[in-house]
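These are the residues of each chain, in order.
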Amino acid sequence: MELKNKRIPDGEFAQLRQEVLAQWPTGKDVDLEESVAYHKAMADERIFSKKLLAAKEAGRTLVQPRAGVPLISEHIKLLEHLQDEGEADLLPTTIDSYTRQNRYEEAENGIRESMRLNRAMLNGFPAVNHGVSGCRQIIESVHTPVQVRHGTPDARLLTEITYAGGFTSYEGGGISYNLPYCKNIPMERTIRDWQYVDRLTGLYEEMGVSINREPYGPLTGTLVPPCISHAAAIIEALLAAEQGVKNITVGYGQCGNLVQDVAAIRTLQKLTDEYLTKYGYTDVAVTTVLHQWMGGFPADEAKAFGVISTGSLIAAFSKATKVIVKSPHEAVGIPTKEANAQGLRCTKQVVNMMADQIFQDARLPQEEEIICQETRCIVDKCFELGDGDIAIGVCRGVEAGVLDVPFAPCRANAGLMLPCRDNEGAIRILNLGHLPFPKDLQDFHAGKIAERAKAENRKASFQMVTDDVYAIGKGRLVGRPRY
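Below is a summary of the structure that appears in this document. (Residues numbered from 1 in each chain as written. Predicted model: local features only at pLDDT ≥ 70, side-chain atom pairs only at ≥ 80, totals over all residues. Heavy atoms only, no water.)

1. With respect to the side chain of His 130
Just so we agree on the cut-off: Every helix listed is a DSSP run of H or I at least four residues long, and every strand listed is a run of E at least two residues long, numbered separately from the N terminus. In protein, a polar contact means a hydrogen-donor-capable atom and an acceptor-capable atom, both N or O and within 3.5 Å, with residues adjacent in sequence counting only if both atoms are side-chain atoms; elsewhere, any N or O pair within 3.5 Å suffices. Any two residues whose heavy atoms approach within 4.5 Å are treated as being in contact.
Within the secondary structure layout, His 130 lies in helix α7 (residues 127–141). Within polar-contact distance, the side chain of His 130 engages the backbone oxygen of Pro 70 at 2.7 Å. Once residues within four sequence positions are removed from consideration, His 130 is found in contact with Pro 70, Leu 71, Ile 72, Ile 111 and Phe 125.

2. Concerning the pattern of salt bridges
Threshold: Just to be clear on terms, a salt bridge is a Lys or Arg side-chain nitrogen sitting within 4 Å of an Asp or Glu carboxyl oxygen. When a residue's accessible area, from a 1.4 Å probe over protein chains only, is under 20% of the maximum for its type it is buried; when over 50% it is exposed; and in between it is partly exposed.
Tallying each qualifying case throughout the model produces 32 salt bridges. Here Arg 7 ties to Glu 206 by a salt bridge, and the two come within 3.2 Å at their closest N and O atoms. Within this pair, whereas Arg 7 is found in the segment before α1 (10–21), its partner Glu 206 is found in helix α9 (residues 187–206), the two being separated by 199 residues in sequence. Lys 50 is the partner of Asp 44 in a salt bridge, and the nearest nitrogen-oxygen pair spans 2.9 Å. Looking at Asp 44, the relative accessible area reads 49%, which means it is partly exposed. Under the relative-accessibility criterion, Lys 50 is labelled partly exposed at 42%.

3. Some remarks on the nonpolar core
To be explicit about the condition: To qualify as a nonpolar core, a set must consist of buried Ala, Val, Leu, Ile, Met, Phe, Trp, Tyr and Cys residues joined through side-chain atoms within 4.5 Å.
Within the largest apolar cluster, 133 residues are counted, with the highest numbers of intra-cluster contacts made by Ile 175, Ile 191, Tyr 204, Ile 228 and Val 394. For this core, the element with the most residues is helix α10 (residues 226–242), which contributes 12 residues. Core analysis: the second largest hydrophobic core is formed by seven residues, Trp 293, Ala 304, Val 307 and Ile 472 among them.

4. Details of helix α8 (residues 156–164)
One full turn of an α-helix is made of 3.6 residues, so residues set three or four places apart face in the same direction. Of all nine residues making up α8, nine are buried, and the element is well covered by its neighbours. Turning to α8, its buried residues are Arg 156, Leu 157, Leu 158, Thr 159, Glu 160, Ile 161, Thr 162, Tyr 163 and Ala 164. At the exit of α8 stands Gly 166, carrying a positive phi of roughly 105 degrees.

From the geometry alone we can't say anything about function, so treat these as descriptive.
Next comes the structure, spelled out in structure tokens:
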């Protein structure tokens, strides 16, 4: 099948569905018309897209954790705790690593071992193995909308089962669930597989059920320049819209500089709307999500709450539609449900306190303009490389280093662009690689990094990058040599 950004024809999609549903026995329980009826009978309070749009309209920021365990009964207890004690507005179901790699037999073994040992032997919820009925038990146990969060390059069967199971939001995309997660999977393959996910989402939409889709914003973590994550999110939104998706949440991972992070969320909304309108997708509703700090955390819980609070502040000031919350146990491993709930309550307190305040800073207009210019350079170049087709163009763009995700494990990624912080902690670019920036943008980044080098009395080098990676764990944002 030739790759192109065109809606998958109905006959071809029907044939593909038969092949996908045959991948594991639980696929036989998926009945599209019955699943649509199940969604239509669902109370509004359980529907992700409706809650997001209401929050956007009201200017509120919703809070959502990450969470997932292998057994249905334990996962229900976890979500109920996060809903009731954590005061979560939205809930997750994080999928286990075996399912993410389509290794369902190993996931089945993990379920059995979890039952035998009475403790979690998988790092998430194996939704494919639990099937449609198992997923519906999860959905019906809470009165809060639930999203599937995972990291799966080929998520087609997982999508079929979880949609039929009643989940109303689904994270991921062909860029964001390839470059940060995979080593040897070609971009063309993940783009195709995620076109299937988006066509299925579009099919539900055409049958009267709006399911929210969310490209994964942070990519590889906290040193990703806004223009890189913005470009990936915008392209995934365009790919989704072509397949009929009407409700999209674009995301960004907190980088740490207050002005840059607020500017990033504001421009992400603006640019996504801009590109969707430019290419004819005028009926797509766009919302935003800020991911709290995705890098190393301090082991001390009191200090960890400080990191969580800064992300909460940025979410509130930027008016992000929702914020993905971290816990005070990030430095040590998977959090307890109690610690997860503490992170939620901490975030909600800050978000509520800041809800009526408007953040203003004289540096915001320039930062927003820089992000917009950089993002347009990347997205427009991808369109150019694809001769107007963004599905082809993003594959060629990744290969050429036009879209270059720092520290990504994927061999398709050029890995030439190198970011570091400037003297105020904003993410700048030390080595541009093949990013298609004009000279004025190149000079801007060089000047910002030179300012830091001068302040620290050292040459700009890779050591700055290393220092920045470990800075938060040492109580700082910028990796200064004296700390």
